[in-house]
Amino acid sequence: MGAWIRRLIFVLACLPTLAHAQLLASGDVSDSGAVLWMQAPAAGDYTFEVAQEASFKRVLVRLAVRAQQANGLNAQALVEGLKPATRYHYRVSGAQGPLARSGTFVTAPAAAARAGLKLLFGADLGGQGYGRLRDVPGVAVDGWPIFKAMSEEKADLFVALGDMVYSDRPITAQAPDYPKGNDLQIPKPGPGYVSNVADFRRDWYYHRSDHRYARFLELTPLLATWDDHEIVNDAGGPELVIGPTAGEFARDARLKQGDPSRPRGEYMPWSSTKDPAGRRRSVFFNPELYHAGRQVMFEFNPIRVLPDAAAANERRLYRNVRWGKHAEIIMLDTRSYRDPRYRFDTEAQPKTMLGAEQKRWFKALLESSDATWKIIVSSTPLATGGGNERDPQGRYYRDSWANGGDDNPYGYERELKEIIDFMRARNLRNVLFLTGDHHFSNLYAYDPDGDGTPDFYEANIGPLRAGPSKGRPVDRTFNPTVLFSDAGKATFAYGALSIDGASGRLSVEVRGVHGVPVPGARLELHPREMVQP
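Residues numbered from 1 in each chain as written. Predicted model: local features only at pLDDT ≥ 70, side-chain atom pairs only at ≥ 80, totals over all residues. Heavy atoms only, no water.

Draft legend 1. Region of the structure containing the overall build of the protein chain. Check the secondary structure of the protein chain and you find nine helices and 25 strands. By principal-axis analysis of the C-alpha atoms, the protein chain measures approximately 65 × 60 × 50 Å. Counting across all 533 residues of the protein chain, residues that qualify as buried make up 58%. Sequence-distant contacts, at least 24 apart, represent 70% of the contacts inside the protein chain between residues at least 6 apart. As presented, the protein chain carries roughly 20800 Å² of accessible surface, and 54% of it is formed by carbon and sulfur atoms. Computed over 66 positive and 63 negative side-chain charges, the inter-centroid distance for the protein chain is 4 Å. (Helix = DSSP H or I, 4+ residues; strand = E, 2+ residues; numbered from the N terminus. Buried < 20%, exposed > 50% of the residue type's maximum accessible area, 1.4 Å probe, protein only. Contact = heavy atoms within 4.5 Å. Areas by Shrake-Rupley, 256 points an atom, 1.4 Å probe, with all protein chains shown as cover. Lys, Arg positive; Asp, Glu negative; His and termini not counted. Charge placed at Lys NZ, Arg CZ, Asp CG, Glu CD.)

Here it is, written out as structure tokens:
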């Protein structure tokens, strides 16, 4: 078959994706409600309808919303007054009646109920050129393949750990996981980088309009946070909005206002074109980029409207979801308030990843919650050292909690130690961190006091579909034991967590793209009684 014929077939295959689809999702469920989200096929007035029957024979709730070009045709509403532990169905009606799509969710059990939980978690979608596969004869999968298996799980919740778009990376027709020269992917529109709200909306729509991902979100309520690639690699709020101090800029002259018209992946020489430590890959300071990315993050995700005490007229991403007696799911925001990565973490001036207000909220919730398990969602890992750029002396600007080495001054370890000391001082038991970001999967047990009994655990999940990693150094500060790691052979994966309602026993395992458990990647945890200090 000639190249031009193959290309024509490819273009024709893409045509359905060019139309604006109706999309649905639910999220931030409670024991009495949920947030409903839609992307409309066109601007106009719509109504969410909620019923207990899939036939919508008796509609219980109607909520009017308006989709406008000004908000990217996105609309959401909070439905309240529902019964705990009950399945509901929802759809959208417009001027011509009900639209084609419908979704479903289950409300959380009451806080005292000994109910089970099935929760999926994942991160990293569309990075390093790994995009949506088009439907091609002879190729077994299409779209974002992993969501087929995830839909079949029929889970109660899905925790999206961030990097659910890569707004600083292109996706071409060539799939990196197939022989060179293929055109098996649906390319992401645009040049591969973003500079304004319309660009961010374009990227989010590419990801979410895939039929497998869209169907999964119709079936599974979403708990969403963000990481760095929802805006730009390795960045955080203060770094992009406030920028460096005069002293920091003098130490590294690359810490300057970024050019929104420049691709994020492009090397920009500083001291030498041959010196990796003298190049930068991303924007260090760009307030417009940050505010645009944050706006669209809230537009495309069903997130409760909660005021942010740290920023006037802003919404916040950190929040919690209680699921019966056994689970307090604590969603942290590790990007909006973090000190810039190029700032030193010193005893006199310790760095913060959470910011003062979020940290107070986090500690208060940890101490007050009587849930069997505290499941803490942090988009960035605890023990594996992150960071892709170096200072002029060749030391990595750390992006995750860990320093990654005794000679590195850039991590956020002092704040992590503060949190761990807080948990230990109050004898908090049954703590599990869910983390993403690093593109390979790991299970850790932490024993910071060295008494032979793990104090908490971490399940770090690899990419849903993004470039695999060969691994990262493990920081030994908090005495982690590596229970599992697929470093060097990382595969596309998601995490599956379940809690038995009767016993409170928790299990978590890593599952591959087809839903098959990865050998050895499983934790079985029995709850330990909390001992009063």
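Here the narrative resumes, following the displayed structure.
Draft legend 2. Representation of the packing of helix α8 (residues 356-368) against helix α9 (residues 413-425) in the model. Two elements in contact, α8 and α9, have axes separated by 11 Å at closest approach and are oriented at 20°. Comparing the axis directions of α8 and α9 gives the class roughly parallel. For the pair α8 and α9, the sense of crossing is right-handed. From α8, Lys359, Phe362, Lys363, Leu366 and Glu367 reach across to α9, where they touch Glu415, Glu418, Ile419, Phe422 and Met423. Across the contact of α8 with α9, the residue classes break down as five nonpolar, no polar and five charged. (Axes fitted to C-alpha atoms, helices over the stretch in contact; angles between N-to-C directions. Parallel < 35°, antiparallel > 145°, perpendicular 65-115°, else oblique. Left-handed = near helix turned anticlockwise from the far one by under 90°. Nonpolar A, V, L, I, M, F, W, Y, C, P; charged D, E, K, R; others polar.)

Draft legend 3. Quick peek at the pattern of salt bridges. Evaluated as defined, the whole model comprises 42 salt bridges. Two residues, Asp227 and Arg335, come together in a salt bridge whose shortest N-O distance is 3.0 Å. Note that Asp227 is positioned in the loop between β12 (222-224) and α5 (237-241) and Arg335 in the loop between β16 (327-331) and α8, a separation of 108 residues in sequence. By relative accessible area, Arg335 is classed as buried at 1%. Across the salt bridge formed by Arg322 and Glu328, the nearest N and O atoms sit 3.5 Å from each other. Classification of Glu328 by relative accessible area gives buried; the value is 4%. One continuous salt-bridge network, built from bridges that share partners, spans Lys118, Glu153, Arg505, Glu509, Arg511, Arg522 and Glu524. (Salt bridge = Lys/Arg side-chain N within 4 Å of Asp/Glu carboxyl O.)

Draft legend 4. Quick peek at unusual backbone geometry. Notably, Asp124 is not glycine yet its phi reads approximately 65°, a positive angle. Mapped onto the elements of the fold, Asp124 is located in strand β8 (residues 117-125). Judged by relative accessible area, Asp124 falls into the buried class, the value being 0%. Even without being a glycine, Asn427 presents a positive backbone phi close to 50°. Along the chain, the position of Asn427 falls in the loop between α9 and β18 (431-435). For Asn427, a relative accessible area of 24% corresponds to the partly exposed category.

Draft legend 5. Representation of the nonpolar core. Core analysis: the largest hydrophobic core is formed by 54 residues, its most contacted members being Phe121, Ile329 and Leu497. In terms of residue count, the dominant contributor to this core is β8 (four residues). Discounting chain neighbours no more than four positions away, the residues touching Phe121 are Phe158, Val159, Leu161, Leu434, Ala459, Ile461, Tyr494, Gly495, Ala496, Leu497 and Val508. Of all hydrophobic cores here, the second largest spans 46 residues; its members include Phe200, Ala235, Val296 and Ile303. (Core = buried A, V, L, I, M, F, W, Y, C linked by side-chain atoms within 4.5 Å.)

Draft legend 6. Examining the confidence of the model for the protein chain more closely. In this model, the protein chain carries an average pLDDT of 90, and 91% of its residues clear a pLDDT of 70 or more. Of the regions scoring below 50 in pLDDT, residues 265-278 engages in 25 contacts with residues more than four places distant in sequence or in other chains. (pLDDT = per-residue confidence, 0-100.)

Draft legend 7. Just the side chain of Thr107, in detail. Among the structural elements, Thr107 can be located in the loop between β7 (97-106) and β8. A polar side-chain atom of Thr107 sits 2.6 Å from the main-chain carbonyl oxygen of Lys83. A distance of 2.9 Å separates a polar atom in the side chain of Thr107 from the backbone nitrogen of Thr86. For Thr107, the residues in contact, after removing those within four places along its chain, are Ser30, Asp31, Gly33, Leu82, Lys83, Pro84, Ala85, Thr86, Tyr88 and Trp323. (Polar contact = N/O pair within 3.5 Å; in protein donor to acceptor, adjacent residues only side chain to side chain.)

Draft legend 8. Spotlight on the packing of helix α3 (residues 197-208) against helix α7 (residues 287-299). Interhelical geometry of α3 versus α7 gives an angle of 40° and a closest axis separation of 9 Å. Judged on the interaxial angle alone, α7 and α3 are oblique. Note on packing geometry: the crossing formed by α3 with α7 is right-handed. Residues Val197, Phe200, Arg201 and Trp204 of α3 form the contact with α7, whose participating residues are Leu289, Ala292, Gly293, Gln295, Val296, Met297 and Glu299. For the contact of α3 with α7, the per-class residue count stands at seven nonpolar, two polar and two charged.

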